[in-house]
Amino acid sequence: MVTTPSQSPRRTNSDGLTFKGFGKSHEKVDGAEKVTGRTQFGADLTLPGSLHGVIVRSPHAHARIVSIDTSDAEQLPGVLAVCTAADFPSDVSGDVDTGEVDIGIQFLANLMMARRKVLFEGHPVAAVAATDAHVATEAARLVKVEYEVLEPVTDPIEAMASDAPVLHEGLVARSLSGTGDQPSNISAHMEAGRGDVEKGFAESDVIVERTFKTSIVHQGYLEPEAETVFWQENGHIDVWANTQGSFAVRGNLANLLKVDLSNITVTPLEVGGAFGAKTIPRVTPIAAILSKKSGKPVKIVLNREEVLKATGPGAAAVVTIKMGATKDGKLKAAQSRLVYGAGAFPGAPIMRGVQSVFACYQPENSRVDGYDVVTNTPRVAAYRAPGATVSSFCTEQVMDELARTLGIEAIDFRLMNVSKTGDYTVDDNQYTRIGIEEMLEAVKAHASYTRPIKESKNGWPTGRGVGIGWWPCGVDQASSRMLVQPDGHVLLTTGSVDLAGVRTGLAQLAAETVGIDPDDVSVRIANTDDIPFTGSSAGSKVTRTQSDAVYKAGMSVLDIMRNSLASHFSVDPEFVEFDDGNFFPRDNQDRRVSFKEAAKIINARAVPIEATASSNPNMRPANGYSMNVADVEIDPDTGKVNILDFTIFQDVGRVVNPMQVEGQMHGGAAQGIGWALNEEYVYDDRGLMRNSSLLDYRMPTALDLPMMECVILETPADDGPFGLRGVGEPPIIPPAAALSNAVFDATGARITELPMSPERVFWAMRNRDNGG
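Everything numeric here is computed off the predicted structure, so don't read it as measured data.

A. Region of interest: the sheet that holds strand S6 (residues 79-83). A sheet is described by the order of its strands in space; here seven strands give the open sequence S6-S8-S4-S17-S14-S15-S16, paired in mixed fashion. Strands at the two margins of the open sheet, each flanked by one partner only, are S6 and strand S16 (264-268). Strand-to-strand twist of the sheet, defined as the mean angle between neighbouring strand axes without regard to direction, takes the value 20°. Here strand S15 (residues 237-241) runs beside S16; their pairing, made up of five bridges, is parallel. The residue of S16 that forms the bridge with Val239 is Val266. Helix-sheet contacts for helix H4 (residues 133-142) involve strand S4 (51-57), S6 and strand S8 (124-130), and the interaxial angle to S4 is about 25°. This element, helix H7 (residues 246-257), spans strand S14 (226-231), S15 and S16 of the sheet and lies at about 145° to S16.

See the structure below:
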């Protein structure tokens, strides 16, 4: 179910702009190709003469590489290339584009192929390319690597200890107060806040402090990494990548291989799921070196075990939250210590954790300390609002506990302290137009919150919980080109990779801009040679940033058409008007010419109707926020959590396509539920992953998920032509918080560790009964 504040054919925002086509569900323009199997994904592409690449990976979590012998592999018939770190440039430099989670170029080079040490199980140490996959697999087994095994550390708190095994001898902690002088696993210490938290706590009547722990989790995308690279004799590199950002791949590859950007063309293929993980190049540089050495295209397709062990999961964390309030519900102080595990190389999403931990509220005094810590686990990547799901899980439980202790209703307590337009974040960024207060009011009045909880058919205890989450949503340059064909059909070429409905959404934006039907727009995803720079499809920014680019291109197209039609109407160009898909002279509206008729007239004069535009990279962020109401029942004998009802509220600024918005809300919530109840990486004391299959890494299935109700709210964002907000990431943030509060409401046991597996819930209830 989708609830919107208006169902009128024309929709007008608060700035007086009227939208004809927004708020209408439009079928996915590429849906038929995908459901019939005609869409080409990375594994489907095989170029003539292409070789198959296989990566040799470390069986140890932490070890020094003593020697690598590739001679047996090289002599195997059918093997045309073998590479190790020695085949990559050693003096790399330049910026790294990874979407949401940063990593230095030297660390990125080491992540691609281990140099001197391996730092996680599955760390690449070599790779082979052969005429078929079976030969390549056999050749990989023939690569002999001698290791000196070292002690691993997989827990970020243990990694911070002064006597912990050091992963990088040259890594020292960085903070506002300076740089450390001793090697450390602490990569960075971030600090933010305002006021005097000690004074705030002294003025508080109630203080709650709790420590929470979360595990490494994987994005669970369906399609493993699969890419093909051809390094041609003339030095040009062609890449076919299942990536979130073709320009990011081009830039990172140029820096890693010391090749000019102009010598690299990246063609984005369809992406079978990513959720932030496919912003860091993991396969491309290896395939490129193998292609250079063999003179042939090289295709590498990872298997599921490689995906789980050696790509980029979401970060584990240990978070302490301390909050204090007066008897009348005023937050006087809020303090947090966030320790995020980055995996083997620096770059945990600690900045977003710091920004989001108290983002929905305005405590008088605040202090946030965030630590980016390396561990002997896969280097993390973004996972749909990286850093925010964890921080929300922690803060929202403390807010719930404070409200209960004070005897104030949960949403009322949040409303007393809610962030509003013009307020400031903990890192001193001012909020543009937001509607978090309006969302809380909508939840408070909604049936999902006001009706009684369903009785358990099993007679089990039931409970209700709420949780809210905030996300800044990204801003970047985005580019599109609009070409009007002689029959009036519009071809829109864009640089944004289509992850989930980009083509459909942009078709609707283009249609709205030039006054035609979305069915009269075709959208093509360009390679890096065919469109100006476009940022990665990450950070919930694609539709918002592209709306600016598409609108500008559309306005330029309409100007071209006005100027050309001036002679047709025998008036000056400034007297040619355009409204509702028709051109006409200002003083004679009866002489209307439709968009299609105009295209035919203008093309007959050999006037090209084409415009390219890029968005303003300095647009102010359009913050996203989402809230859940969750009803649960708990099996007292096993601790299993069953979800009875689940309602998702989200402010999207301006809804373009309700069906696609609802799909994003469902998808984010489903992943958030899995994170909350099932999913975690399990390591033994050697740092080896013990559940590296989808049988043992337990993601929710349709049987585990409830029917979900979606409530779409619209508070138009500042900046941009349509007031859009990002949709993709906010829905994953609040589920863990809402479910944990619901579990407490049902059981009286506060669960401070994710996932809330049956065992953890059972023992929490047992400890509660025993006074623990």
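So much for the structure itself; the text now carries on.
B. Quick look at the sheet that holds strand S5 (residues 63-69). In spatial order, the strands read S7-S5-S9; together these three strands make up an open sheet with antiparallel pairing. Either end of the sheet is taken by a strand with one partner, and the two such strands are strand S7 (117-118) and strand S9 (144-149). One ladder, built from two bridges, connects S5 with S7; its direction is antiparallel. Opposite Arg64, over in S7, you have Lys117 as the bridge partner.

C. Structural detail: the pairing of S8. Counted residue by residue, S8 has seven buried out of seven residues, so it is predominantly covered. Note that S4 and S8 share six bridges and pair antiparallel. Looking at S8, one finds that His52 is bridged to Ala130. As paired strands, S6 and S8 are joined by four bridges and run antiparallel to one another. Paired with Val82 across the strands is Val128, a residue of S8.

D. Fine view of the pattern of salt bridges. Counted under the stated rule, the structure contains 46 salt bridges. A salt bridge links Asp30 to Lys34, with the nearest nitrogen and oxygen atoms 3.3 Å apart. Among the residues examined, Asp30 registers a relative accessible area of 7% and is labelled buried. In this structure, Lys420 engages Glu437 in a salt bridge whose closest nitrogen and oxygen atoms are separated by 3.8 Å. Of this pair, Lys420 sits in the loop between helix H12 (410-416) and helix H13 (436-445) while Glu437 is found in helix H13, placing the two residues 17 residues apart along the sequence. Overall, the relative accessible area of 38% leaves Lys420 in the partly exposed class. Look at Glu437 and you get partly exposed, because its relative accessible area is 26%. Shared partners join several salt bridges into a network, and the residues in it are Lys28, Asp30, Lys34, Glu270, Asp498 and Arg503.

E. Region of interest: the packing of aromatic side chains. A full pass over the atoms with the stated rule returns eleven aromatic pairs. With a centroid separation of 6.1 Å and an interplanar angle of 85°, the aromatic rings of Tyr431 and Trp470 are classed as edge-to-face. Note that Tyr431 is positioned in the loop between H12 and H13 and Trp470 in strand S21 (residues 462-471), a separation of 39 residues in sequence. For Trp470, a relative accessible area of 4% gives the class buried. For the pair Tyr681 and Tyr697, a centre-to-centre distance of 5.8 Å together with 85° between the ring planes defines the contact as edge-to-face. Of the two residues, Tyr681 is situated in the loop between helix H18 (658-677) and strand S31 (708-713) and Tyr697 in the loop between H18 and S31; the sequence distance between them amounts to 16 residues. Each of the two residues, Tyr681 as well as Tyr697, counts as buried. The ring of Tyr221 carries the charged tip of Lys278 above its face, separated from the ring centre by 4.5 Å. The ring centre of Trp471 lies 5.5 Å from the NZ or CZ of Arg352, which sits over that ring.

F. Representation of unusual backbone geometry. A cis amide bond links Leu754 with the next residue in sequence, Pro755, at an omega value of 0°. Structurally, Pro755 can be placed in the loop between helix H19 (735-747) and helix H20 (758-769). Backbone geometry at Arg384 places phi at a positive 35°, although glycine is not the residue there. Topologically, Arg384 is positioned in the loop between strand S20 (365-374) and helix H11 (388-406). With phi around 60°, Ser570 is a residue other than glycine that occupies positive phi space. With respect to the element layout, Ser570 can be found in the loop between helix H16 (542-569) and strand S25 (576-579). A relative accessible area of 64% means that Ser570 is categorised as exposed.

G. How the structure looks around H4. Looking at H4, one finds that the buried residues are Val135, Ala136, Ala139 and Ala140. With its buried residues spanning 140° around the axis, H4 presents them on a single face. Seen from the open side of H4, the exposed residues pointing more than 90 degrees away from its buried face are His134 and Arg141. Packing partners of the buried residues in H4 comprise S4, helix H2 (71-75), S6 and S8. Looking at where H4 begins, the residue whose side-chain oxygen comes 2.9 Å from the main-chain nitrogen of His134 is Asp132.

H. Main features of the packing of helix H15 (residues 502-514) against H16. H16 packs onto H15 with a crossing angle of 35° between their chain directions and a minimal axis gap of 9 Å. By crossing handedness, the relation of H15 to H16 is classed as right-handed. In contact with Val502, Leu506, Leu509, Ala510, Thr513 and Val514 of H15, H16 contributes Val542, Thr543, Gln546, Ser547, Val550, Tyr551, Gly554, Met555 and Leu558. Grouping the amino acids of the contact of H15 with H16 by side-chain chemistry returns ten nonpolar, five polar and no charged.

I. Focus on the environment of Arg620. Mapped onto the fold, Arg620 is located in the loop between strand S28 (610-614) and strand S29 (624-634). The spatial distance from the C-alpha of Arg620 to the C-alpha of His123 is 39 Å, given a sequence separation of 497 residues. Look past the residues within four positions of Arg620 in its chain and what remains in contact with it is Thr432, Val475, Arg544, Asp718 and Asp719.

J. Representation of the pairing of strand S23 (residues 490-494). With four of its five residues buried, S23 lies for the most part within the structure. The pairing of strand S22 (residues 479-484) with S23 spans five bridges and is classified as antiparallel. Looking at S23, one finds that Met482 is bridged to Leu492. Here S22 folds back onto S23 in antiparallel fashion, the turn holding five residues, of which Gly488 has a positive phi close to 90°. Looking at chain direction, S23 and strand S24 (residues 521-525) are connected through five bridges and run parallel. Following the sheet pairing, Thr493 is matched in S24 by Arg524. What joins S23 to S24 is H15, and the crossover it makes is right-handed.

Definitions and limits used
Residues numbered from 1 in each chain as written. Predicted model: local features only at pLDDT ≥ 70, side-chain atom pairs only at ≥ 80, totals over all residues. Heavy atoms only, no water. Pairing = 2+ DSSP bridges. Helix = DSSP H or I, 4+ residues; strand = E, 2+ residues; numbered from the N terminus. Axes fitted to C-alpha atoms, helices over the stretch in contact; angles between N-to-C directions. Contact = heavy atoms within 4.5 Å. Buried < 20%, exposed > 50% of the residue type's maximum accessible area, 1.4 Å probe, protein only. Salt bridge = Lys/Arg side-chain N within 4 Å of Asp/Glu carboxyl O. Phe/Tyr/Trp six-rings, centres within 6.5 Å; stacked < 30°, edge-to-face > 60°. Lys NZ or Arg CZ within 6 Å of the ring centre and 35° of its normal. Arc of directions from axis to C-beta. Polar contact = N/O pair within 3.5 Å; in protein donor to acceptor, adjacent residues only side chain to side chain. Left-handed = near helix turned anticlockwise from the far one by under 90°. Nonpolar A, V, L, I, M, F, W, Y, C, P; charged D, E, K, R; others polar. Right-handed = clockwise from strand over helix to strand, strands pointing away.

Worth remembering: the numbers are spatial, not functional.
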